[in-house]
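Listed below are the residues making up each chain.
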Amino acid sequence: MRTTVLLLASVPLAWAADSSYRVYHRLYQSGLPESPFTPRGTLHVPANGHASFEPSPSLSQDLTQLSDELQTVKGALYQVALELDGAAQPGQWDAVSAVKVCLLHEATSENFILHTTRGGRPYALDYFVAPTPHNGACPKKSKAPAPLLSFARNAGSLNSTVEIRSSRTPPLPELRAPPPLSPQGETVVPEPEKTLFQKYWLYGAAILIALMLSGGPEEEPAKK
C-alpha cells in the first residue's frame, strides 16, 4: 500500500487554503530530441495536515511506455517537473529535477521536496529515489529487467514522501572596519609595538646614573 508522509519543514508554513500542484515526468536522453512531459500525479498540500502525493491512474502504463522508448540506459535521465503558475506549457519550467534511469531498478521509495518562499509559494522541486548508492554510481549490469520497466512494476507499491522546505534569510556577513586612511588616501600603517627595553630603557639609565653619582659605600677606618 502506498503511504504518504509529511517531513516537517525547518520553518513553519502557514497555508491559507488547500493547495494542489501537478507533477509531470519524461525521459531525457542526450543527443536525442526532447520528449514532451506527461502527467505523473498531483501534490496535495492542505492548510492543516499532511501533504501527500496522488499518482496518475496511468502511471504504471506511462512508465512502461517510457521503458519502450529507452534507447540506452547509459546517460539517460528520468526527469520530474513541477507545474508553476504562469507556465505556458510543460518543458518551459525551471522546476525540473532528475535522477539516473539506472538507479530506478531497485527503487522502493521516492521523495518529493517542495521548495517554497516564506509566503508559501512553490518555486522548485527536488526528486529522489531510494535506495541509492552513496557515490551515485549505476549498479553493475545484470539480467534483471530494464530499470524503467522494473520501476513501472513497482509504481503501485512505492513509498512516497513529501517534504516542504521554506526558504530562509541568510545571516548578514560580519563586516570589518575599514583601515584608517591618510589625507592622501593611503592606508595608514600602524607603528610596530615597542619592546620592554625600548619602553623602559630611560628608567634603567636614570637608575644607573644615580648609582654612579652616589659612589660606593664609605670605607671603614683601619684598625690600629
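Here the residue numbering is sequential within each chain, running from 1 through the sequence in written order. Reporting in this predicted model follows two pLDDT cut-offs: at least 70 for local features of residues, and 80 or more for side-chain atom pairs to be given and counted; totals over whole chains, interfaces and linings ignore these cut-offs and use all residues. Excluding hydrogens and water, the side-chain values take into account all heavy atoms of the structure.

Numbered from the N terminus, helices here are DSSP runs of H or I no shorter than four residues, and strands are runs of E no shorter than two. Along its length, the chain carries 3 helices and 9 strands. The helix and strand sequence of the chain, counted from the amino end, reads β-β-β-β-α-β-β-β-β-α-β-α. Partly exposed describes any residue whose relative accessible area lies between the buried limit of under 20% and the exposed limit of over 50%, with all areas from a 1.4 Å probe on protein chains only and scaled to the type maximum. Across the 224 residues of the chain, 32% fall into the buried class. Put simply, of all contacts in the chain between residues at least 6 apart along the chain, 67% involve residues at least 24 apart. In this analysis, two residues are considered to be in contact whenever any of their non-hydrogen atoms come within 4.5 Å of each other.

Sheet topology note: the strand 7 (residues 109-116)/strand 8 (residues 122-130) ladder contains 8 bridges and is antiparallel. Residue pairing across strands places Ser 109 opposite Ala 130, the latter belonging to strand 8. The hairpin turn running from strand 7 into strand 8, its antiparallel successor, is 5 residues long, and Gly 120 in that turn takes a positive phi close to 90°. For two strands to pair, DSSP has to find at least two bridges joining them.

Right, let's talk about the pattern of salt bridges for a bit. Just to be clear on terms, a salt bridge is a Lys or Arg side-chain nitrogen sitting within 4 Å of an Asp or Glu carboxyl oxygen. All chains considered together, the criterion is met by 4 salt bridges. Between Glu 83 and Arg 22 there is a salt bridge whose closest N-O contact spans 2.7 Å. Separated by 61 residues along the polypeptide, Glu 83 in the loop between strand 5 (77-82) and strand 6 (96-100) and Arg 22 in strand 2 (residues 19-28) bring together distant segments of the chain. Of the charged contacts, one joins Arg 40 and Glu 110 as a salt bridge, the two residues approaching to 2.8 Å between their closest N and O atoms. Separated by 70 residues along the polypeptide, Arg 40 in strand 3 (residues 38-45) and Glu 110 in strand 7 bring together distant segments of the chain. Neither residue differs from the other here; Arg 40 and Glu 110 are each classed as buried.

For the rest of this paragraph, the subject is the environment of Gly 119. Along the chain, Gly 119 turns up in the loop between strand 7 and strand 8. A relative accessible area of 68% places Gly 119 in the exposed class. For the pair Gly 119 and Ser 166, spaced 47 residues apart in sequence, the C-alpha to C-alpha distance is 8.5 Å.

Right, let's get into helix 3 (residues 196-214). By this rule the span expected of a helix is its residue count minus one, scaled by 1.5 Å. Its 19 residues give helix 3 an end-to-end C-alpha distance of 27 Å, which sits within 8% of 27 Å, the value for a rise of 1.5 Å per residue. Bending is quantified residue by residue as the angle between axes fitted to the seven-residue window ending at that residue and the seven-residue window starting at it. Helix geometry: helix 3 is bent most strongly at Leu 202, by close to 40°. The buried count for helix 3 comes to 0 of 19 residues, which makes it a mostly uncovered element.

What follows covers the nonpolar core. Nonpolar side chains in soluble globular proteins generally cluster together in the buried interior. Here, nonpolar core refers to any group of buried Ala, Val, Leu, Ile, Met, Phe, Trp, Tyr and Cys residues whose side-chain atoms link them within 4.5 Å. Leu 43, Leu 63 and Tyr 78 are the most contacted members of the largest nonpolar core, which has 32 residues in total. Going through the elements one at a time, strand 2, strand 3, helix 1 (59-69), strand 5, strand 7, strand 8, helix 2 (147-153) and strand 9 (159-166) are the ones with two or more residues in this core. Beyond its immediate chain neighbours, meaning those up to four positions away, Leu 63 contacts His 25, Tyr 78, Leu 148, Phe 151, Ala 152 and Ala 155.

For the rest of this paragraph, the subject is the state of the cysteines. Our working definition of a disulfide is a cysteine sulfur pair at a distance within 2.5 Å. All told, the structure shown has 1 disulfide when counted by the stated rule. Note that Cys 102 is cross-linked by a disulfide to Cys 138, the S-S spacing being 1.9 Å. Between Cys 102 and Cys 138 the sulfur-sulfur dihedral comes to about -65°; the bridge is accordingly left-handed. Highlighted residues: Cys 102 in the loop between strand 6 and strand 7 and Cys 138 in the loop between strand 8 and helix 2, separated in sequence by 36 residues. The exposure class assigned to Cys 138 is partly exposed, which follows from its relative accessible area of 43%.

Take the packing of aromatic side chains next. Only rings of Phe, Tyr and Trp enter the pairing, Trp through its six-membered ring, and a pair is recorded when the two centres are within 6.5 Å. The plane angle decides the type: under 30 degrees is stacked, over 60 is edge-to-face, the rest tilted. This model, assessed by the stated rule, comprises 4 aromatic pairs. Aromatic side chains Tyr 78 and Tyr 127 sit 6.2 Å apart centroid to centroid with 65° between the ring planes, which places their arrangement in the edge-to-face category. In this pair, Tyr 78 sits in strand 5 while Tyr 127 sits in strand 8, placing the two residues 49 residues apart along the sequence. A relative accessible area of 0% means that Tyr 78 is categorised as buried. Accessibility expressed as a relative area gives 1% for Tyr 127, which makes it buried. With a centroid separation of 6.0 Å and 70° between ring planes, the pair formed by Tyr 78 and Phe 151 is classed as edge-to-face. In this pair, Tyr 78 sits in strand 5 while Phe 151 sits in helix 2, placing the two residues 73 residues apart along the sequence. The pair Tyr 78 / Phe 151 is uniform in exposure class, with both members buried. Taken together, Phe 53, Tyr 78, Phe 112, Tyr 127 and Phe 151 form an aromatic cluster joined through their ring pairs.

What is shown is where atoms sit, not what they do.
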